[in-house]
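# Architecture and fold: a report
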Amino acid sequence: MNEIIKQILYSDLGTPFNNAAFLVFRVLLAVELFRVHGMKKFRVENGQREHVPNPLHLPEKLNGLVATFSDTVVPFLIILGIGTRLVVLPTIGVTAVGYFVVHRKDSLEVRDVPYMYTLSLLLILALGAGKYSLDSYLLTFLNN
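Residues numbered from 1 in each chain as written. Predicted model: local features only at pLDDT ≥ 70, side-chain atom pairs only at ≥ 80, totals over all residues. Heavy atoms only, no water.

Quick look at the packing of helix 3 (residues 60-80) against helix 4 (residues 84-102) now. For the pair helix 3 and helix 4, interaxial distance at closest approach is 9 Å and the crossing angle is 135°. In this view, helix 3 runs oblique relative to helix 4, as classed from their interaxial angle. Considering how the two elements wind past one another, helix 3 and helix 4 form a crossing that is left-handed. Only Val87, Val88, Pro90, Thr91 and Val94 of helix 4 make contact with helix 3, whose side of the interface consists of Val66, Ala67, Phe69, Ser70, Val74, Leu77 and Ile78. (Axes fitted to C-alpha atoms, helices over the stretch in contact; angles between N-to-C directions. Helix = DSSP H or I, 4+ residues; strand = E, 2+ residues; numbered from the N terminus. Parallel < 35°, antiparallel > 145°, perpendicular 65-115°, else oblique. Left-handed = near helix turned anticlockwise from the far one by under 90°. Contact = heavy atoms within 4.5 Å.)

This is the structure we're talking about:
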């Protein structure tokens, strides 16, 4: 079990420049996700909060909880780089459903946003958080 945790946490992109560049990428992506999509969850327009599509017909509270968690909590965890490979999974799910289900008949200009988020989050899933993350510090702690 300890080895699995270490594999999930390990992420070194080879050089300090690569790790720094990925830190910047991670932070900018997460800030934008929170700023554009997370803040919508708190705004009230015309007396109502944002309507979250439910194409998978999940229970409404669960659907809202997953969408809110994905757009508000996950970005902060991505910025910190803590549990990164695991925490991006619900957001990948939300953005992929947005692309393949919610916006499947929309124009490419509309589908572009969930597509780019899904690809970016898949990159983070594949590469991990990089050396400049709490995952890396936690891995160092576990190795000692």
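Following the structure, the description resumes.
Let us look at unusual backbone geometry. Backbone geometry at His57 places phi at a positive 55°, although glycine is not the residue there. Structurally, His57 can be placed in the loop between strand 2 (48-49) and helix 3. When its relative accessible area of 69% is taken as the criterion, His57 is described as exposed. (Buried < 20%, exposed > 50% of the residue type's maximum accessible area, 1.4 Å probe, protein only.)

This paragraph deals with the environment of Leu77. Looking at the secondary structure, you find Leu77 in helix 3. Judged by relative accessible area, which is 22%, Leu77 ranks as partly exposed. The spacing of Leu77 and Val88 is 11 residues in sequence and 8.8 Å in space, taken between C-alpha atoms. The residues contacting Leu77, other than those within four sequence positions of it, are Ile82 and Val87.

It should be kept in mind that the predicted coordinates are not to be read in detail where pLDDT is low. Confidence along the protein chain averages 92 in pLDDT terms, with 99% of residues attaining 70 or more. Looking across the protein chain, the model is least confident in strand 1 (residues 44-45), with a mean pLDDT of 72, and most confident in helix 2 (residues 16-38), with 96. (pLDDT = per-residue confidence, 0-100.)

Together, Leu56, Leu58, Leu62, Leu65 and Val66 make up a nonpolar patch on the protein surface, roughly 410 Å² of accessible area in all. You can see Leu65 is positioned in helix 3. For Leu65, a relative accessible area of 57% gives the class exposed. (Patch = residues over 30% accessible without salt bridge, like charges linked within 9 Å, V, L, I, M, F, W, Y side chains within 5 Å. Areas by Shrake-Rupley, 256 points an atom, 1.4 Å probe, with all protein chains shown as cover. Salt bridge = Lys/Arg side-chain N within 4 Å of Asp/Glu carboxyl O.)

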